[in-house]
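The primary structure of each chain is shown beneath.
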Amino acid sequence: LSQLMVQFGEGASASSESIFDFCVITASSPAQAVLYEALIKRRVESGLYPPHLQFRVFSDPEGGRVGSGGGTLVALHRLFQSESGEQVALTDEAIRTFFGRLRVLILHAGGESRRLPCYVPEGKLFGPLLDVVTDKDDKRGSAPPVVLDVLLELYF
């Protein structure tokens, strides 16, 4: 599957090393977003994720949870604002130009892990997995494998 995804991505605007320019992760609260950013930073610094992939974490608005559909809209809007500059007007042309040159992977990670209450702070995306031998073991160090690792390995 990963070979097919790489072949699919070769004609895209993303770099030849990746089919995505950004990995956008949604969180249910600002506190959860801060935690996700710290967990991702640790994994990037350990060399577990491609250095050219840019991660962005966006939380639901302060008014409450918006679900996956609302989270997608909020995250894409915030990505547009943060990367194109807030002075750029939110017009159809600006949106088409901005997203026409980028490939964005969106992963919804916010929520209350009700079935796995021990993972509520980290969310399901950072839930630990059985430690299996991989070619990245030497980079892993003290970072045990998590669900996000497996998802990203599908694409990289």
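This structure is a prediction, so every number in the text was calculated from the model and none was measured.

What counts and what doesn't
One numbering rule holds for all chains: residues counted from 1, following each sequence as written. A pLDDT threshold of at least 70 governs which residues receive local features in this predicted model, and a stricter bar of 80 or more applies before side-chain atom pairs are shown or counted, although totals over entire chains, interfaces and linings include all residues. With hydrogens and water stripped out, all remaining heavy atoms of the structure feed into the side-chain values. Each helix is a run of H or I in the DSSP string that is no shorter than four residues. Each strand is a run of E no shorter than two, and both are numbered from the N terminus. Burial status follows relative accessibility: with a 1.4 Å probe on protein chains alone, a residue under 20% of its type maximum counts as buried, one over 50% as exposed, and anything between as partly exposed. Buried residues of nine kinds, namely Ala, Val, Leu, Ile, Met, Phe, Trp, Tyr and Cys, make up a nonpolar core once their side-chain atoms join them within 4.5 Å. By the convention used here, residues are in contact when the closest approach between their heavy atoms is within 4.5 Å. Two strands qualify as a pair provided DSSP detects at least 2 bridges between them. Fitted lines through C-alpha atoms serve as axes, helices being fitted only where they are in contact, and the angles separating the N-to-C directions of these axes extend from 0 to 180 degrees. Our angle categories are set so that under 35 degrees counts as roughly parallel, over 145 as roughly antiparallel, 65 to 115 as roughly perpendicular, and the remainder as oblique. Under the scheme applied here, ten amino acids are nonpolar (Ala, Val, Leu, Ile, Met, Phe, Trp, Tyr, Cys and Pro), four are charged (Asp, Glu, Lys and Arg), and all others, including Gly, are polar. By definition here, a salt bridge exists when the distance from a side-chain nitrogen of Lys or Arg to a carboxyl oxygen of Asp or Glu is within 4 Å.

Caption draft 1: Quick look at the overall build of the chain. Within the chain, the secondary structure is distributed over six helices and three strands. Residue burial in the chain is summarised as follows: out of 156 residues, 35% are buried.

Caption draft 2: Local environment of the nonpolar core. C23, I25, F55, L148 and L152 are the most contacted members of the largest nonpolar core, which has 22 residues in total. For this core, the secondary structure elements donating two or more residues are β1 (22-27), α2 (30-45), β2 (54-59), β3 (104-108) and α6 (147-153). Contacts of I25, omitting those with residues within four sequence positions, involve Y36, I40, F55, R56, V57, F58, L107, A109, L125 and L148. In terms of nonpolar packing, the next biggest core, distinct from the first, is built from nine residues, L79, F80, A94 and L102 among them.

Caption draft 3: Quick look at the environment of L148. Structurally, L148 can be placed in helix α6. For the pair L148 and L107, spaced 41 residues apart in sequence, the C-alpha separation works out to 9.0 Å. Other than its neighbours up to four places away in sequence, L148 contacts I25, I40, Y49, L107, L125 and F126.

Caption draft 4: Fine view of the sheet that holds β1. Here three strands make up an open sheet; going across it, the order is β2-β1-β3 and the pairing parallel. Every other strand in the sheet has two partners, leaving β2 and β3 as the edge strands with one partner each. Between one strand axis and the next, the sheet turns by 20° as a mean value, whatever way the strands run. Sheet analysis places β1 next to β2, joined by six bridges and oriented parallel. Across the sheet, residue V24 finds its bridge partner in β2, namely R56. Relative to β2, α2 is tilted by about 165°, and along the sheet it contacts β1 and β2. Strand contacts of helix α3 (residues 67-84): β1, β2 and β3, with the helix running at about 125° to β2, the strand carrying the most contacts.

Caption draft 5: Here's a closer look at the packing of α3 against helix α4 (residues 92-100). For the pair α3 and α4, the least separation of the axes is 11 Å and the interaxial angle reads 85°. With respect to each other, α3 and α4 are oriented roughly perpendicular. Between α3, through L76, L79, F80, E83 and S84, and α4, the contact on the second element is made entirely by A94, I95, F98 and F99. Residues of the contact of α3 with α4, tallied by class, amount to seven nonpolar, one polar and one charged.

Caption draft 6: Expanded view of the pattern of salt bridges. Taken as a whole, this structure holds three salt bridges when the rule is applied. Of the charged contacts, one joins D149 and R43 as a salt bridge, the two residues approaching to 2.5 Å between their closest N and O atoms. With D149 in helix α6 and R43 in helix α2, this pair connects stretches of sequence that are 106 residues apart. For R43, a relative accessible area of 6% translates into the label buried. With its nearest N and O atoms 2.9 Å apart, the salt bridge here joins R56 to E83. Here R56, found in strand β2, pairs with E83, found in helix α3; they are 27 residues apart in sequence, far enough to count as distant.

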